[in-house]
Amino acid sequence: MEALKRDREVRSKTWENLISAYEQKTGILDKEMENIKKDLKELQVKKATLAEKHGDTRVDEDDVIQINVGGKGITARRETLVYKKGTMIEALFSGRWDKEIQR
């Protein structure tokens, strides 16, 4: 009977330690998530500021764009050119840099 009581106490203490460690780690992760969200907001503000400074804020994905590729004229919808987010071509044709592009 004593062995069962000790085992129960050991399990209870182990469980309490696990809960404490879990709460500590979730607290750390919650703080990190808050920092990430704050950083993301700052980046979004910077992106919007740069887009307004260097680009055209009236950009529409249905715009038809004519580009010269290796001496050959190509017509494409902006939506097609910006489909893959985070790429160089998406950055060039997103409208964020329209005031800087040579025409």
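See the structure printed just above.
Computed from a predicted structure; not experimentally measured.

Novice: Which parts of the structure should I look at to understand the overall build of the protein?
Specialist: Helix and strand counts for the protein stand at three helices and two strands. Reading the protein from its N terminus to its C terminus gives the helix and strand order α-β-β-α-α. Expressed as a percentage of the 103 residues in the protein, the buried residues total 15%. For the protein, the proportion of contacts with a sequence separation of at least 24, taken over those separated by at least 6, is 38%. Entry remark: accessible area of the protein is about 9,300 Å², with carbon and sulfur atoms responsible for 56%.

Novice: Would you mind showing me how to read the nonpolar core here?
Specialist: Looking at soluble globular proteins, one finds that nonpolar side chains tend to be buried together. One finds Ile65, Ala76, Leu81, Val82 and Phe93 forming the largest nonpolar core, which totals five residues. Not counting residues up to four positions away in its chain, the partners in contact with phenylalanine 93 are Ile65, Ile67, Arg78, Leu81 and Val82.

Novice: Which parts of the structure should I look at to understand a nonpolar patch on the surface?
Specialist: Together, Trp15, Leu18 and Ile19 give the surface a local cluster of nonpolar side chains, amounting to about 330 Å² of exposed area. Looking at the element boundaries, isoleucine 19 is found in helix α1 (residues 2-54).

Novice: What is the right way to read the pairing of strand β2 (residues 72-77) from this model?
Specialist: Looking along a regular strand, one sees the side chains alternate between the two faces of the sheet. Relative to β2, strand β1 (residues 64-69) is paired through six bridges, and the arrangement is antiparallel. When the sheet's bridge partners are listed, isoleucine 65 is paired in β2 with alanine 76. With antiparallel pairing between neighbouring strands as the criterion, β1 and β2 make up a hairpin whose turn holds two residues, including glycine 70 at a positive phi of roughly 60°.

Novice: How should I be thinking about the pattern of salt bridges in this particular structure?
Specialist: Oppositely charged side chains can pair when the atoms bearing their charge come close. Scanning the model with the defined rule gives two salt bridges in all. Note that aspartate 63 is salt-bridged to arginine 78, the shortest N-O span being 3.4 Å. In this pair, aspartate 63 is assigned in the loop between α1 and β1 and arginine 78 in helix α2 (residues 78-81), connecting sequence segments 15 residues apart. Across the pair arginine 77 and glutamate 79 runs a salt bridge, and its minimum N-O distance is 2.8 Å.

Novice: Which parts of the structure should I look at to understand the side chain of serine 94?
Specialist: Relative to the helices and strands, serine 94 resides in the segment after α3 (88-93). Within the structure, serine 94 has its side chain in polar contact with the backbone oxygen of alanine 91 (distance 3.2 Å). Serine 94 has contacts with Val59, Arg78 and Val82, leaving out every residue within four places of it along the chain.

Thresholds, definitions, all that
- Counting from 1, residues in each chain are numbered in the order their sequence is written.
- Thresholds applied to this predicted model are a pLDDT of at least 70 for local features of residues and 80 or more for the giving and counting of side-chain atom pairs; totals over whole chains, interfaces and linings are not thresholded and use all residues.
- Think of the side-chain values as coming from all heavy atoms in the structure, minus any hydrogens and water.
- Helix and strand definitions follow DSSP, with helices as H or I runs of at least four residues and strands as E runs of at least two, each counted in order from the N terminus.
- Here's how the labels work: a residue is buried when its accessible area is under 20% of the maximum for its type, exposed when over 50%, partly exposed in between, all with a 1.4 Å probe on protein chains only.
- By definition, residues are in contact when any of their heavy atoms lie within 4.5 Å.
- In this description, accessible areas are obtained by the Shrake-Rupley approach with a 1.4 Å probe, and a residue is regarded as covered only by the protein chains that are shown.
- The criterion is simple. A nonpolar core is a set of buried Ala, Val, Leu, Ile, Met, Phe, Trp, Tyr and Cys residues joined through side-chain atoms within 4.5 Å.
- The residues that make up patches have over 30% relative accessible area and no salt bridge, and they are joined within 9 Å when like-charged or within 5 Å when they are Val, Leu, Ile, Met, Phe, Trp or Tyr.
- Each salt bridge in this description consists of a side-chain nitrogen of Lys or Arg and a carboxyl oxygen of Asp or Glu lying within 4 Å of one another.
- DSSP bridges decide pairing: two strands pair if at least two such bridges lie between them.
- Polar contacts, as counted here, are pairs of nitrogen or oxygen atoms within 3.5 Å of one another; within protein the pair requires one atom able to donate a hydrogen and one able to accept it, and residues that are adjacent in sequence qualify only if both atoms are side-chain atoms.

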